[in-house]
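Reading the structure
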Amino acid sequence: MLETPEDTLDPSDWNAFRLQGHRMLDDMIDYLEHLRDQPVWQPMPDEVRDSFRQALDDVPSDLAKTHELFLKDVLPYALGNVHPGFMGWVHGGGTPVGMLAEMLAGGLNANLGGRDQSPIEIERQVVQWVRRLFNFPETASGLFVTGTSMANLIGVLIARTARLGTDVRHTGIAANGQQLVAYTSAGAHISIVQAMDIAGFGSAALRMIPVDQLHQMDIAALERAIAEDKKAGMTPFFIAGTVGTVGVGAIDNLQAIAELCERESIWFHVDGAYGALAMLAPDIAPRLQGIGRADSIAFDFHKWGQVPYDAGFILVRDGELHHNAFASPAAYLKRETRGMAAGSPWPCDFGPDLSRGFRALKTWFTLKVYGEEKLGRVISNTCALAQHMKRRIEAEPQLELLAPVALNIVCFRYRSEDADRVNADLVVALQESGIAAPSTTTINGQLAIRAAIVNHRTTVSDIDALIDATLELGGIAARSACS
Ligand SMILES: *Cc1c(COP(=O)(O)O)cnc(C)c1O
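Within each chain, residues carry numbers counting from 1 in the order of the written sequence. This being a predicted model, a pLDDT of at least 70 is required before a residue's local features are given, and a value of 80 or more before pairs of side-chain atoms are given or counted; all residues contribute to the totals for chains, interfaces and linings. Hydrogens are left out, water is left out, and the side-chain values use all remaining heavy atoms of the structure.

Quick note on the threshold: UniProt positions are given in the numbering used here, feature names are shortened, and annotations may be inferred rather than shown by experiment.
Looking at an unreviewed UniProt entry, one finds the protein named Glutamate/tyrosine decarboxylase-like PLP-dependent enzyme and attributed to Methylobacter tundripaludum. The annotation that UniProt attaches to the protein under Cofactor (unreviewed entry) is "pyridoxal 5'-phosphate". Of the comments in the UniProt record for the protein, the one headed Sequence similarities (unreviewed entry) reads "Belongs to the group II decarboxylase family."

Next up, the structure:
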């Protein structure tokens, strides 16, 4: 029996806890203030890795000691996506405001599955903001999820229910006898393939349509694939266009896809994982024309939106259909019109999760504190930096661009014999240098150095540092490849 406060998990000495808490907050603020003095990334020493492979102690440690361990063994060996030199993958930089909001959410420990509570109203306010951003109707629904991978899966599942009716939830997709097929571009993210797999259609039911020289889905090839599938007795039900492909940052022709989907009564889904928030950037938004015609849009606040991980989102034009694709009757989810069980429908009626954290809070703080205009400027700025990088590459005879720079991703390489090997070595050398962290991708069969500029902290000097280090380390990699 709990008789005294000491038996709970709360501190026995709140003042000591408060002091320690302030120290931890100060340390993290120092870390963010002085990021530039640190390497982007450094390899983890074997002793540190080994220490994590020991069993957790039976004897409790105290908070201060555990925090020291965090400072010594965890902080220095994180991936570094908060760092301005990080351009490896499409990762967001996070913000100090987002960090504080996460702390508040942790203290509140809200469960946003449902019921009548202010945190759900915050989520609804963000949903309202998202509807407006994409010019969706009031009847559209939205839901925070882990990330776009989950949002893409939810998109496929709603499209399935739209095509086969809510009975499919009981009978399964095979009962109906139709063979449903879906389409996306060869440049699409793997999570679309996974969504088709997890939803039970099988990844073979997804047609990977070739891309044109701008890396956009080839619309004529898409039309041909649909016609062939229909002729073979199959049912096209889902097309995913991409805004900002993960490889090169291409934007599909959304207007053309929207028209095709209307004509053929096919669900139009947009994977706008990082690119959809370009709606905030007045210079880029016009290139997303047609996005407002989508049936569903999947995107992340944790990439270009700079909200700390994780904060994915799905927006669905037909909110009722979205609800009917997931809502379940259960006694413990009984609704009332008054009291704590009021406020239906609840977020749990719109996706597979019942217990849900308060992702909306850090997003709400980000939108309120920084504002749309500033967030949009960050997005424009990363694209301007990509153009700067492109110009530097074009000016260096030793470097060559491997793909058009549509948004914020630059794919290039160091010219050399045995270029694939040299550039692979070069990227590892850059990462280990701690100066800059690009990654690799393959473009038309050639290995490319890929720099994805997502972080709001990245400046011209970080781009120049990457190019300068590439030239220097490229020379070394090329010489060691010949020797
Ligand atoms: C990052 C990304 C995804 C996956 O999103 P997660 O948030 O990592 O699940 C899907 N599609 C594209 C185009 C992406 O860039």
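**What about the packing of helix α6 (residues 148-164) against helix α8 (residues 190-198)?**
So the rule is basically this: Angles shown run from 0 to 180 degrees and are taken between the N-to-C directions of axes, each axis being a line fitted to C-alpha atoms and, for helices, limited to the stretch in contact. The way it works is that DSSP assigns letters per residue, a run of H or I at least four long becomes a helix, a run of E at least two long becomes a strand, and they are numbered from the N terminus. Should an angle fall under 35 degrees it is called roughly parallel, over 145 degrees roughly antiparallel, and 65 to 115 degrees roughly perpendicular, with every other angle called oblique. Crossing handedness: left-handed means the near helix sits turned counterclockwise from the far one by under a right angle, and right-handed means the same turn made clockwise. The contact definition used throughout considers only heavy atoms, calling two residues in contact when any of these lie within 4.5 Å. In this count, Pro and Cys sit with the nonpolar residues alongside Ala, Val, Leu, Ile, Met, Phe, Trp and Tyr, while Asp, Glu, Lys and Arg are called charged and the others, Gly among them, polar.
Remark: α6 packs on α8, axes separated minimally by 9 Å, with the N-to-C direction vectors making an angle of 50°. Classed by the angle they form, the pair α6 and α8 counts as oblique. The two elements α6 and α8 meet at a crossing, and its hand is right-handed. Side by side, α6 and α8 meet where Ser149, Asn152, Leu153 and Val156 of the first sit next to Ser191, Ile192, Ala195, Met196 and Ile198 of the second. Class assignment of the residues belonging to the contact of α6 with α8 gives a composition of six nonpolar, three polar and no charged.

**Observations regarding the layout of surface pockets**
Threshold: Definitions used throughout: a 1 Å grid over protein atoms alone; a cavity as a set of points that fits a 1.4 Å probe which cannot get out; a pocket as an open set with protein on both sides within 12 Å along at least five of seven lines; a lining residue as one with an atom within 4 Å of a point. Grid points are joined across faces, edges and corners, and a volume is the space filled by probe spheres set on the points.
In this structure, the largest pocket occupies an estimated 1,100 Å³ of space. Lining the largest pocket we find 36 residues, and of these Met24, Leu25, Met28, Met99 and Met103 sit closest to its centre. Elements with a contribution of two residues or more to the lining of the largest pocket: α1 (14-33), α3 (63-74) and α4 (96-108). Among the elements that line the lining of the largest pocket, the one with the most residues is α1, at ten residues. When the residues that make up the lining of the largest pocket are grouped by side-chain class, the tally is 21 nonpolar, eleven polar and four charged. Put simply, the second largest pocket is a space of about 410 Å³.

**Re the site of the ligand**
For clarity, the threshold we go by: What makes a residue near a molecule or strand is one non-hydrogen atom of that residue sitting within 4 Å of it. In protein, a polar contact means a hydrogen-donor-capable atom and an acceptor-capable atom, both N or O and within 3.5 Å, with residues adjacent in sequence counting only if both atoms are side-chain atoms; elsewhere, any N or O pair within 3.5 Å suffices.
For the ligand, the set of nearby residues contains 13 residues, the closest of which are Ser149, Asp271, Asp300, His302 and Lys303. In the model, an oxygen atom of the ligand is placed 3.0 Å from a nitrogen or oxygen of the His302 side chain.

**Remarks on empty space enclosed by the protein**
If a probe the size of a water molecule is rolled over the atoms, the empty space left behind becomes visible. Tallying each qualifying case throughout the model produces one cavity of 30 Å³ or more. Looking at the largest cavity, its volume works out to about 50 Å³. Every residue along the wall of the largest cavity is listed here: Trp129, Leu277, Leu280, Phe301, Trp304, Gly305, Val307, Thr363, Thr366, Leu367, Leu375 and Ile379. In terms of residues, the lining of the largest cavity owes the most to one element, helix α12 (residues 359-395), which gives five residues.

**Focus: the sheet that holds strand β7 (residues 312-316)**
This is how the line gets drawn: Should DSSP find at least two bridges between two strands, the strands are regarded as paired.
Strand order in the open sheet formed by seven strands is β1-β7-β6-β5-β4-β2-β3, with mixed pairing between adjacent strands. Unpaired on one side and paired on the other, β1 (141-145) and β3 (206-209) mark the two borders of the sheet. Across the sheet, the axes of successive neighbouring strands diverge by a mean angle of 20°, strand direction being ignored. As judged from the five bridges shared by strand β2 (residues 180-185) and strand β4 (residues 235-242), these two strands associate in the parallel manner. In the strand pairing of β4, Leu180 is matched with Thr235. Against the sheet, helix α10 (residues 254-264) engages β4 and β5 (267-271), with an angle of about 155° to β5. Here helix α11 (residues 319-326) sits on the sheet and contacts β1, β5 and β7; the angle it forms with β7, its principal contact strand, is near 120°.

**Quick notes on the packing of aromatic side chains**
Using the following cut-off: Here a pair means two rings of Phe, Tyr or Trp (six-membered ring of Trp) with centres within 6.5 Å. Their orientation is stacked below 30 degrees between planes, edge-to-face above 60, and tilted elsewhere. Only protein chains enter the accessibility calculation, which uses a 1.4 Å probe; a residue whose area is less than 20% of its type maximum is buried, one above 50% is exposed, and one in between is partly exposed. Counted as over-ring charges are cases with an Arg CZ or a Lys NZ within 6 Å of the ring centre that also lie within 35 degrees of the ring normal.
Applying the stated rule across the entire model yields 13 aromatic pairs. Consider the rings of Tyr274 and Trp304, whose centres lie 5.1 Å apart with planes at 80°: the pair is edge-to-face. Pair noted here: Tyr274 is in the loop between β5 and β6 (296-300) and Trp304 is in the loop between β6 and β7, with a separation of 30 residues, a long-range link. Ring centres of Phe299 and Phe313 lie 5.4 Å apart, and the angle between their planes is 35°; this geometry places the pair in the tilted category. Of this pair, Phe299 sits in strand β6 while Phe313 sits in strand β7, and the two are 14 residues apart along the sequence. For Phe299, a relative accessible area of 0% translates into the label buried. For Phe313, a relative accessible area of 0% translates into the label buried. In this arrangement the basic side chain of Arg317 is found over the ring face of Phe136, its NZ or CZ atom lying 4.3 Å from the centre.

**Let's talk about the side chain of Asn152**
Its location among the elements puts Asn152 in helix α6. Filtering out sequence-adjacent residues up to four positions away, Asn152 remains in contact with Ser191, Ile192, Ala195, His269, Asp271 and Ala298.

**Regarding unusual backbone geometry**
Omega for the bond connecting Tyr309 with Asp310 falls within 30 degrees of zero, at -15°, which places this linkage in the cis form. One can find Asp310 in the loop between β6 and β7. Ser344 connects to Pro345 through a cis peptide bond whose omega is 0°. Tracing the sequence through the fold places Pro345 in the loop between α11 and α12. A positive phi angle, near 55°, is found at Asn135, a position not held by glycine.

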